[in-house]
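Coordinate inspection notes
Listed below are the residues making up each chain.
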Amino acid sequence: MITKEATKVAPAPARPTLDPPRPLKAGRNWDEVPRWQIYLPLSIYLVFTLIPFYWILLFAVRPPGSTSLLPWPMTFQHFEKVWTERSFGTYFENSVLVGVATLLMTTLVALAGGYALARFNFKVKRAFMLGLLCSQFVPGALLLVPLFEIFAELQMINSLGSVILAETVFQLPLSIILISNFIKNVPYSLEEAAWVDGCNRFTAFRIVVLPLLRPGLIAVGSFAFVHSWNHFLFALMFLNNQEKQTIPVGLNTLMSADSVDLGALAAGGIIAAVPVVVVFAFIQKWLITGFSAGAVKG
């Protein structure tokens, strides 16, 4: 016979208590990092970066024969020398002309080519893109001989037009790729809506797409301008007349086998660097946006 005590259900055994899980070790929050650990490496890097610029400025404004490590007393005779006696005024005008013309031609051609790659499908599209990418591995020095022969046949040697065309051709592959990727980020439905409203393809592109491409156009144009401003080989090979030379070639004339005028060379380097620094200071925001947006398709 089953007793009452036997029918009682035995209580469940107590579960062992577990310690609360320990939080995983994560990286330290930036707010918890001492400020000196951030500013000290940045300050050291900044000092090593600015020392060459200070050295150039020191030679440019220091009187000839002075060995002072401070730019005092200051003199601007080196700037007057390179601007008047060494024809840097003419070199500066030629560089500006080459840079602006290269900027405009590269941007216009890259805009047309990039739109075609982004919006149209054709049989050799992948092969064409592969050719553009492979052309980036070809150094500019290999193009000197064939370009010289072409320009000689066209009677364009010793003309700024030869340098402008060479710089444009050299910059087009990368510029087309960037503009193409940037146009792909613009929704195709925006153009279709403009077509429904009665716009043709060109008008829809000009009204709807082109304003959205401003960061990409600024990035491509600035890259083309800076490269043509600093490029040395094309101007050296295609321009023989001193009145047609650009600033990089003009800087090379300040150095000879026997001596180097350090003051004039430093002053010429500052003249060459200041316009580029000023341009980048104004377009920095658009430049970063353009390169990041044109790098991948979003």
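The structure contained in this document is the topic of the report that follows. Small disclaimer: the values here were computed from a predicted structure and weren't measured. (Residues numbered from 1 in each chain as written. Predicted model: local features only at pLDDT ≥ 70, side-chain atom pairs only at ≥ 80, totals over all residues. Heavy atoms only, no water.)

In total, this model carries 13 aromatic pairs according to the counting rule given. With a centroid separation of 5.8 Å and 50° between ring planes, the pair formed by Trp83 and Phe92 is classed as tilted. A relative accessible area of 41% means that Trp83 is categorised as partly exposed. Note on Phe148 and Phe238: the rings are 6.5 Å apart at their centroids and 25° apart in plane angle, and the pair reads as stacked. Remark: Phe238 occurs in helix 11 (residues 233-238) and Phe148 occurs in helix 6 (residues 144-153); sequence separation between them is 90 residues. (Phe/Tyr/Trp six-rings, centres within 6.5 Å; stacked < 30°, edge-to-face > 60°. Buried < 20%, exposed > 50% of the residue type's maximum accessible area, 1.4 Å probe, protein only. Helix = DSSP H or I, 4+ residues; strand = E, 2+ residues; numbered from the N terminus.)

Before going further, it helps to examine the side chain of Thr75. Residue position: Thr75 is located in the loop between helix 2 (35-61) and helix 3 (77-85). Here Gln77 takes part through its backbone nitrogen, which lies 3.3 Å from a polar atom of the side chain of Thr75. (Polar contact = N/O pair within 3.5 Å; in protein donor to acceptor, adjacent residues only side chain to side chain.)

So, on to the layout of surface pockets. Taken as a whole, the largest pocket spans an internal volume of roughly 260 Å³. Lining the largest pocket are Phe53, Ile56, Leu57, Leu265, Ala266, Gly269, Ile270, Ala273, Val274 and Val277. Of all elements in the fold, only helix 2 and helix 13 (262-295) reach the threshold of two or more residues within the lining of the largest pocket. Taken together, Ser135, Gln136, Val138, Leu143, Val169, Phe170, Gln171, Pro173, Leu174, Phe223 and His227 make up the lining of the second largest pocket. For the lining of the second largest pocket, the elements supplying multiple residues, two or more each, are helix 7 (160-184) and helix 10 (214-230). With 5 residues, helix 7 is the single largest residue contributor to the lining of the second largest pocket. Of the residues that constitute the lining of the second largest pocket, the class distribution is 7 nonpolar, 4 polar and no charged. (1 Å grid on protein atoms, 1.4 Å probe; cavity = no way out; pocket = protein on both sides within 12 Å on 5 of 7 lines; lining within 4 Å. Points joined across faces, edges and corners; volume = space filled by probe spheres on them. Nonpolar A, V, L, I, M, F, W, Y, C, P; charged D, E, K, R; others polar.)

For the structure on display, the rule yields 1 cavity of 30 Å³ or more. Roughly 40 Å³ of volume is contained in the largest cavity. Forming the walls of the largest cavity are Val98, Val163, Glu167, Ser228, His231, Phe234, Ala235 and Thr246. Breaking the lining of the largest cavity down by element, the ones donating at least two residues are helix 7 and helix 11. Of the residues in the lining of the largest cavity, the class split is 4 nonpolar, 3 polar and 1 charged.

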